[in-house]
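Residue-level listing of the chains:
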Amino acid sequence: MENLPKICVDTTDAFMTTERFGTREEVIRWIKEVGIDNKVTVIISRSDTEMGKRGRSNKIIFGCDKGGKHKISDSGTQSASKKCGCPFKIRSTPAKDGSGWKIDVKCGLHNHGLPDRLEGHSFIGRLTTDEKQHVADLAKRHVAPRNILLSLQDKFPENVTRITQDAGYVYWSRKQDDSEVVREIFWAHPDSVKLLNIFPIVLVMDSTYKTNKYRQPLFEIVGMTSTELTFAVGFAYMESEQTENFCWVLEKLKDLFVKKDMCPQVILIDRDLALMKAIEVVFPNSINLLCRFHINKNVGAKCKQHVVNDLQKTIDTLWMEVVWASDEVEYGQRLHQLEQACVDYSGFINYVKDTWLTPHRHRFVGAWINRVLHLGNTTTNRVESAHWKLKQMLGNSIGDMVKCWEAMNNNLRLQLGNIRASFQKSFYEVEHAHVSPFYGYLRGSVSRAALRCIAEELLRVDYVRTNRQICGCTLRTSYGLPCACELGRYRVGGIPIPIDVVHVHWRKLTMEVELEIGEDDGSEVDMTAAMDELWRRFRSLDVIGKRALRSRVCELAYPTMTTLCPPPEKIKTKGGVKKKGKKPADYDVYRDPSYHEYVDKASQSSQRQSQPSQTSKKIKLSKKQPQFIVQFPNHIRSYIEDIVNVESDGNCGFRVIASLHGYGEDGWPMVRRELELEIIDKDRSTLYDKLFSNRLSAVRESLMIESFGSQPPEKWMSLPDMGYLIANRYNVVLVCLGNPCITFFPMTSSHSPNVSIYCIGFVNQNHWVQVR
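None of the values given here were measured: they were computed from a predicted structure.

Let's talk about the overall build of the protein
Right, so step 1: Of regular secondary structure, the protein possesses 29 helices and 20 strands.
Right, so step 2: Per-residue burial over the protein gives 44% buried out of 772 residues.
Right, so step 3: Taking all contacts inside the protein whose residues are at least 6 apart in sequence as the whole, residues at least 24 apart take part in 63%.
Right, so step 4: As displayed, the protein has an accessible area near 41300 Å², and 51% of this comes from carbon and sulfur atoms.

Take a look at the structure:
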């Protein structure tokens, strides 16, 4: 591996002083204050106190918190360290003339860059005694953690980990004709505007409801930072969700970009035809993708309506294969298979083709969107999550616009603090998996989220090597990160990954930048000519005209004194809670059910009605019984102590094995990799050739994934294939409970009475859990 450039930052002058200090505490206070001013976290490396014994003397040795060696633990968990052997060192001892403590800078150099701010730093952000007491008092009153943090921000604004965001929002509004009633209002926080211009690649948009007593829909726009955190771009209350309303909001969004030619490369939404048309008008050069999750749910709901139960699972699987097709040839093959399976269900296949595939396949099918720089965003989960957090802060849907703004502002305060802290972690800390010189150019300059993606892609290199056709290069085209075949070339050449092969999105680790306008955009922020014209016009008007013009100018100059009125409160005519009665069983204060949820409910209801009445009396579950217990055979239920669920993202089986093996649930990529190594082990090639025969390559392919996140069905853990691999690789007895129940023994080692037993369960016909 070639030599990497050395970083050297000299802070000697900042700590040089002839001042004398009366006590140790004064020395420590001065050193740490100077360190904070210069973005250096100074810690006490060693100290000693004279005790009248030989070799003991008064002294304090200060160092940088990045001093010391990076130690790699064997815990298997994803952890990081700040240590990089920084040589910074200051020694303080009492002066011989008795004038006080003196400071001697032994080495003022740092072998690492310094952050632009210390927000989010674990040492600087420690709570003071008063802050700890404040937290304890609020916790005793059962205050929610998010509100405790907001209270800390308000009461102790000087703490660098908690930045209180003042007003100063950018906003526009428009009124109903011939009235002062608000029709639409759009606003964005100044820091949100800054983030938008730093990270403009992908925006996710969606409307939500039940946030205010006026029953106006709230349109929310979010983006993604280099650390994969969501940030709010802007909010808009709209009179209705027509193309004209969306166009007005998107025009205001367009005005937030400081450069005329800047626009989002990708806009991700649900299938809202009015919004799609507005995007074509306002952002014609942006690529409009549709949310895969909602498409799949709606197709699944339609499948339940048209297809008999026995074929529903098969057709759902075929549909997912169409969506995940990697190229147009595979797409054609998968679609043909789906058409053959649905030959007796013309209503369903016509819906799929007419509603989704024919007009919109290029917006959600992998064969097309894998060529788009969407940075891993293929669903509207980000904005849906933002909706949920806002409604958690709101608490109810009967507040006015002021209450809604306060909730949004509080959410932004928490959100911006987390984003700044994530930047500092990427800049300041190195994960154990990225210590290799292979990442030398990227550490501290590229976000940890990007490094994790690269590390995951690196697992494919042994299989892909440098072959572009096998690689597919999806990580390069969709994420802007080096794919397996690129990494293979760097590894063969013994070259660290160059930083310029990482998209600039992942290299931005700060908000502390001044937004620069283009050379041709300077006139747009120059108000000299407009103000001169305003004064000329004002002087030419009579008294009535001057009053009218002054009133309009005051609306801009003094927004808190606006004459605008809120829309009239609308009476809720259905779905509401009646006066003193109980709320309906399906009433949800947060949202209205989606189409597929109505179908699911109807399907479940019909299934309950079709079952014999006595079945409901057979089993009366205790509240303490584990989840999914009824899905296991009766004769073993009494032996099940607990069932541990894991995330259902297509990796659930590997998550369960990772957890059982001590890697933790998030160690599932390691399990995939180790099972792949098991297959290609030369000593066991004959065994697996016999077991899998001509399916050997297919089994291996099922273990290799192209990206994090949800996986298609062909990448799920399936038995018996994976059962053999798990038992042999980890030398365990694997017990699988479900339908059917199967037990796998290791085939390559002698059995021992002390052999570990891993027990897993298959539930819902598509999910793995850990069974104790």
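Quick look at the environment of Y688
Right, so step 1: Mapping Y688 onto the fold places it in helix α27 (residues 685–692).
Right, so step 2: Here the alpha-carbon distance between Y688 and Y724, two residues 36 residues apart in the chain, equals 9.1 Å.

Some points on the packing of aromatic side chains
Right, so step 1: Counting across every chain of the model gives 17 aromatic pairs.
Right, so step 2: Here the aromatic rings of W319 and F364 are separated by 6.1 Å at their centres, their planes lie at 35°, and the arrangement is tilted. Remark: F364 occurs in the loop between α11 (346–360) and α12 (366–369) and W319 occurs in helix α9 (residues 309–323); sequence separation between them is 45 residues.
Right, so step 3: Taking relative accessible area as the criterion, W319 reaches 2% and is therefore assigned buried.
Right, so step 4: With a centroid separation of 6.0 Å and an interplanar angle of 75°, the aromatic rings of F438 and Y439 are classed as edge-to-face.

A short note on α9
Right, so step 1: With 15 residues, α9 should cover 21 Å at 1.5 Å per step; its first-to-last C-alpha distance of 22 Å lies within 8% of that length.
Right, so step 2: The set of residues buried in α9 consists of Q312, I315, L318, W319, E321, V322 and V323.
Right, so step 3: Against α8 (292–306), α10 (328–341), α11 and α12 lie the buried residues of α9.

Some remarks on a nonpolar patch on the surface
Right, so step 1: Taken together, M527, M531 and W535 make up a surface patch of nonpolar side chains, about 330 Å² in accessible area.
Right, so step 2: As for its position among the elements, W535 is in helix α20 (residues 528–540).
Right, so step 3: Taking relative accessible area as the criterion, W535 reaches 47% and is therefore assigned partly exposed.

As for the sheet that holds strand β12 (residues 230–237)
Right, so step 1: An order of β8-β9-β12-β11-β10-β13-β14 is seen for the seven strands of this open sheet, with the pairing classed as mixed. Each edge of the open sheet is held by one strand with a lone partner, namely β8 (170–175) and β14 (287–290). When strand polarity is set aside, the average angle formed by the axes of neighbouring strands in this sheet is 20°.
Right, so step 2: One ladder, built from three bridges, connects strand β9 (residues 182–188) with β12; its direction is antiparallel. Its bridge partner being in β12, W187 is matched across the sheet by F235.
Right, so step 3: With respect to the sheet, helix α5 (residues 190–198) is in contact with β8, β9, β10 (202–208) and β12, its orientation differing from that of β12 by roughly 120°.

Side note on the pattern of salt bridges
Right, so step 1: Taken as a whole and assessed by the stated rule, the structure comprises 26 salt bridges.
Right, so step 2: In this structure, D462 and R673 form a salt bridge, with 2.1 Å as the shortest nitrogen-oxygen distance. Taken as a pair, D462 in helix α16 (residues 461–464) and R673 in helix α26 (residues 668–680) lie far apart in primary sequence, 211 residues in all.
Right, so step 3: Three or more residues are tied together by salt bridges with common partners; here these are R174, R183, E184, E239 and E244.

Remarks on the pairing of β9
Right, so step 1: Counted residue by residue, β9 has six buried out of seven residues, so it is predominantly covered.
Right, so step 2: Where β8 meets β9, six bridges bridge the pair, whose relative direction is antiparallel. Across the sheet, Y171 pairs through a bridge with W187, a residue of β9.

With respect to the side chain of E457
Right, so step 1: Among the structural elements, E457 can be located in helix α15 (residues 448–458).
Right, so step 2: Owing to a relative accessible area of 2%, E457 belongs among the buried residues under this scheme.
Right, so step 3: Among the polar contacts made by the side chain of E457, one reaches the side chain of R460 at a distance of 2.8 Å.
Right, so step 4: Within polar-contact distance, the side chain of E457 engages the backbone nitrogen of A484 at 2.9 Å.
Right, so step 5: Beyond its immediate sequence surroundings of up to four residues, E457 is in contact with C471, L475, P482, C483, A484, L487 and E706.

What about the side chain of T355?
Right, so step 1: Position of T355 among the secondary structure elements: in helix α11.
Right, so step 2: Its relative accessible area of 18% is what places T355 among the buried residues.
Right, so step 3: Excluding residues that lie within four positions of it along the chain, T355 makes contacts with R271, N350 and H360.

Some thoughts on the sheet that holds strand β5 (residues 89–94)
Right, so step 1: Spatial ordering of the open sheet is given by β2-β3-β5-β6, a layout of four strands whose pairing is antiparallel. Strand pairing shows two members of the sheet lacking a second neighbour, β2 (42–48) and β6 (101–107), which therefore form its edges. Adjacent strand axes in the sheet meet at a mean angle of 20° when their direction is disregarded.

Digging into the environment of T12
Right, so step 1: Among the structural elements, T12 can be located in helix α1 (residues 12–15).
Right, so step 2: On the accessibility criterion, T12 (21% relative accessible area) is partly exposed.
Right, so step 3: As for T12 and K106, which are separated by 94 residues in sequence, their C-alpha atoms are 8.9 Å apart.
Right, so step 4: Every residue in contact with T12, bar those within four places of it in the chain, is listed here: V105 and G108.
Right, so step 5: Only 2.6 Å separates the side chain of T12 from the side chain of D10, close enough to count as a polar contact.

Focus: the pairing of β6
Right, so step 1: Sheet topology places β5 next to β6; six bridges connect them, and they run antiparallel. Across the sheet, T93 pairs through a bridge with K102, a residue of β6.
Right, so step 2: Counting the residues that bridge the hairpin from β5 to β6 gives six residues, and of these G98 lies at a positive phi of roughly 75°.

Examining the packing of helix α25 (residues 652–660) against α26
Right, so step 1: Remark: α25 packs on α26, axes separated minimally by 8 Å, with the N-to-C direction vectors making an angle of 95°. On the basis of the axis angle, α25 is roughly perpendicular to α26. Note on element contacts: α26 touches α25 through W668, V671, R672 and L675, opposite F654, R655, I657 and A658.
Right, so step 2: The residue makeup of the contact of α25 with α26, split by class, is six nonpolar, no polar and two charged.

Notes on the environment of L696
Right, so step 1: Relative to the helices and strands, L696 resides in helix α28 (residues 696–703).
Right, so step 2: For the pair L696 and D721, spaced 25 residues apart in sequence, the C-alpha to C-alpha distance is 9.6 Å.
Right, so step 3: Here L696 is in contact with I679, Y688 and D689, once residues within four sequence places are set aside.

Parameters and conventions
- Residues numbered from 1 in each chain as written.
- Predicted model: local features only at pLDDT ≥ 70, side-chain atom pairs only at ≥ 80, totals over all residues.
- Heavy atoms only, no water.
- Helix = DSSP H or I, 4+ residues; strand = E, 2+ residues; numbered from the N terminus.
- Buried < 20%, exposed > 50% of the residue type's maximum accessible area, 1.4 Å probe, protein only.
- Contact = heavy atoms within 4.5 Å.
- Areas by Shrake-Rupley, 256 points an atom, 1.4 Å probe, with all protein chains shown as cover.
- Phe/Tyr/Trp six-rings, centres within 6.5 Å; stacked < 30°, edge-to-face > 60°.
- Expected span 1.5 Å × (residues − 1).
- Patch = residues over 30% accessible without salt bridge, like charges linked within 9 Å, V, L, I, M, F, W, Y side chains within 5 Å.
- Salt bridge = Lys/Arg side-chain N within 4 Å of Asp/Glu carboxyl O.
- Pairing = 2+ DSSP bridges.
- Axes fitted to C-alpha atoms, helices over the stretch in contact; angles between N-to-C directions.
- Polar contact = N/O pair within 3.5 Å; in protein donor to acceptor, adjacent residues only side chain to side chain.
- Parallel < 35°, antiparallel > 145°, perpendicular 65-115°, else oblique.
- Nonpolar A, V, L, I, M, F, W, Y, C, P; charged D, E, K, R; others polar.

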